[in-house]
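Spelled out from the first residue to the last, the chains are:
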Amino acid sequence: LTSPGPLTKSHASLESSCDKCHVPFKGIPNSACLSCHTGTEKRIKTGLGPHAVFEHQGKKCSSCHTDHKGKNEIITPRVNLYGFARNWALEIQDG
(Lines give C-alpha, C1' and ligand atoms only; values in the text may rest on other atoms or scores of the structure.)
Protein backbone atom coordinates (compact mmCIF):
# COMPACT_ATOMS: atom_id res chain seq x y z
CA LEU A 1 0.00 0.00 0.00
CA THR A 2 1.08 3.56 -0.56
CA SER A 3 0.45 6.54 1.65
CA PRO A 4 -0.96 9.76 0.21
CA GLY A 5 1.44 11.68 2.45
CA PRO A 6 2.87 11.92 5.95
CA LEU A 7 0.57 12.13 8.96
CA THR A 8 0.47 15.09 11.31
CA LYS A 9 2.81 14.95 14.33
CA SER A 10 -0.02 13.94 16.65
CA HIS A 11 -0.74 10.86 14.51
CA ALA A 12 2.90 10.06 13.66
CA SER A 13 2.88 6.88 15.77
CA LEU A 14 0.24 5.49 13.38
CA GLU A 15 2.36 6.07 10.27
CA SER A 16 2.94 2.37 9.59
CA SER A 17 -0.36 1.13 11.04
CA CYS A 18 -2.88 2.05 8.35
CA ASP A 19 -5.40 -0.47 9.67
CA LYS A 20 -5.68 1.43 12.97
CA CYS A 21 -7.74 4.04 11.13
CA HIS A 22 -8.58 2.79 7.64
CA VAL A 23 -11.02 0.01 6.77
CA PRO A 24 -10.38 -1.38 3.27
CA PHE A 25 -12.84 0.00 0.72
CA LYS A 26 -14.77 1.86 3.46
CA GLY A 27 -12.45 4.66 4.51
CA ILE A 28 -12.17 5.80 8.10
CA PRO A 29 -15.13 5.02 10.37
CA ASN A 30 -15.81 7.38 13.27
CA SER A 31 -15.22 4.47 15.65
CA ALA A 32 -11.55 4.42 14.60
CA CYS A 33 -11.13 8.07 15.56
CA LEU A 34 -13.10 7.74 18.78
CA SER A 35 -11.09 4.73 19.95
CA CYS A 36 -8.23 7.19 20.60
CA HIS A 37 -10.15 10.44 21.04
CA THR A 38 -12.06 9.22 24.08
CA GLY A 39 -12.89 12.69 25.42
CA THR A 40 -14.74 13.48 22.21
CA GLU A 41 -16.46 10.10 22.37
CA LYS A 42 -17.72 10.83 25.90
CA ARG A 43 -19.11 14.21 24.82
CA ILE A 44 -20.87 12.60 21.85
CA LYS A 45 -22.44 9.94 24.07
CA THR A 46 -23.75 12.59 26.45
CA GLY A 47 -25.01 14.74 23.58
CA LEU A 48 -22.68 17.63 24.33
CA GLY A 49 -20.98 19.82 21.80
CA PRO A 50 -20.80 20.12 18.05
CA HIS A 51 -19.41 16.63 17.56
CA ALA A 52 -22.60 15.17 19.06
CA VAL A 53 -24.62 17.13 16.50
CA PHE A 54 -22.35 16.01 13.66
CA GLU A 55 -22.62 12.37 14.77
CA HIS A 56 -26.42 12.69 14.87
CA GLN A 57 -26.30 14.09 11.32
CA GLY A 58 -24.22 11.13 10.18
CA LYS A 59 -21.09 13.15 9.41
CA LYS A 60 -17.73 11.44 9.46
CA CYS A 61 -14.89 12.83 11.56
CA SER A 62 -12.77 12.86 8.41
CA SER A 63 -15.16 15.27 6.69
CA CYS A 64 -13.66 18.05 8.85
CA HIS A 65 -10.44 16.51 10.15
CA THR A 66 -8.22 15.41 7.27
CA ASP A 67 -4.74 14.01 7.56
CA HIS A 68 -1.87 12.94 5.30
CA LYS A 69 -1.03 16.57 4.56
CA GLY A 70 2.29 16.72 6.38
CA LYS A 71 3.80 16.52 9.83
CA ASN A 72 3.25 20.23 10.59
CA GLU A 73 -0.31 20.40 9.29
CA ILE A 74 -3.05 21.36 11.73
CA ILE A 75 -5.98 19.02 11.10
CA THR A 76 -8.47 20.86 13.27
CA PRO A 77 -10.33 23.22 10.96
CA ARG A 78 -10.18 26.90 11.69
CA VAL A 79 -13.62 28.11 12.66
CA ASN A 80 -15.25 31.19 14.07
CA LEU A 81 -15.60 29.90 17.62
CA TYR A 82 -18.49 32.22 18.47
CA GLY A 83 -20.50 31.12 15.46
CA PHE A 84 -19.44 27.50 15.86
CA ALA A 85 -20.51 27.30 19.51
CA ARG A 86 -23.70 29.28 18.93
CA ASN A 87 -24.76 27.19 15.92
CA TRP A 88 -24.35 23.82 17.59
CA ALA A 89 -26.14 25.05 20.72
CA LEU A 90 -29.10 26.13 18.60
CA GLU A 91 -29.16 22.82 16.74
CA ILE A 92 -29.21 20.82 19.96
CA GLN A 93 -32.10 22.94 21.28
CA ASP A 94 -34.02 22.40 18.05
CA GLY A 95 -33.63 18.65 18.28
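Everything discussed here concerns the structure shown above.
Reading guide: rules and limits
Residues numbered from 1 in each chain as written. Predicted model: local features only at pLDDT ≥ 70, side-chain atom pairs only at ≥ 80, totals over all residues. Heavy atoms only, no water. Salt bridge = Lys/Arg side-chain N within 4 Å of Asp/Glu carboxyl O. Helix = DSSP H or I, 4+ residues; strand = E, 2+ residues; numbered from the N terminus. Buried < 20%, exposed > 50% of the residue type's maximum accessible area, 1.4 Å probe, protein only. Disulfide = S-S within 2.5 Å. Contact = heavy atoms within 4.5 Å. Polar contact = N/O pair within 3.5 Å; in protein donor to acceptor, adjacent residues only side chain to side chain.

A.B. asks: Explain the pattern of salt bridges to me, and be specific about the residues and the numbers.
C.D. replies: Evaluated as defined, the whole model comprises 2 salt bridges. For K71, the salt bridge goes to E15, with nearest N and O atoms at 3.7 Å. You can see K71 sitting in the loop between α3 (50–56) and α4 (81–94) and its partner E15 sitting in the segment before α1 (30–34), a full 56 residues away along the chain. A residue is classified by how much of its surface remains accessible, and E15, at 31% relative accessible area, is partly exposed. As a salt-bridge pair, E41 and K45 come within 3.7 Å of each other at their nearest N and O atoms.

A.B. asks: How would you explain the state of the cysteines if you had to name every residue and give the values?
C.D. replies: One pass over the structure, following the stated rule, counts 0 disulfides. The thiol of C21 is unpaired, and the distance to the nearest cysteine sulfur, on C33, comes to 6.5 Å. Look at C21 and you get partly exposed, because its relative accessible area is 24%. Left unpaired, C61 is separated from the closest cysteine sulfur, that of C33, by 4.0 Å.

A.B. asks: Report on the environment of H65, specifying residues and quantitative values.
C.D. replies: Topologically, H65 is positioned in the loop between α3 and α4. When the C-alpha atoms of H65 and P77 are compared, they prove to be 6.8 Å apart, with 12 residues separating the residues in sequence. Among residues more than four places away in sequence, those in contact with H65 are H51, I75, T76 and P77. One polar contact links the side chain of H65 to the main-chain carbonyl oxygen of I75, over a distance of 3.1 Å.

A.B. asks: Kindly report on unusual backbone geometry, identifying the contributing residues and their values.
C.D. replies: Phi angles above zero are rare outside glycine, and F25 is one such case at about 65°. Here F25 lies in the segment before α1. Phi angles above zero are rare outside glycine, and H68 is one such case at about 65°. Mapping H68 onto the fold places it in the loop between α3 and α4. Under the relative-accessibility criterion, H68 is labelled partly exposed at 21%.

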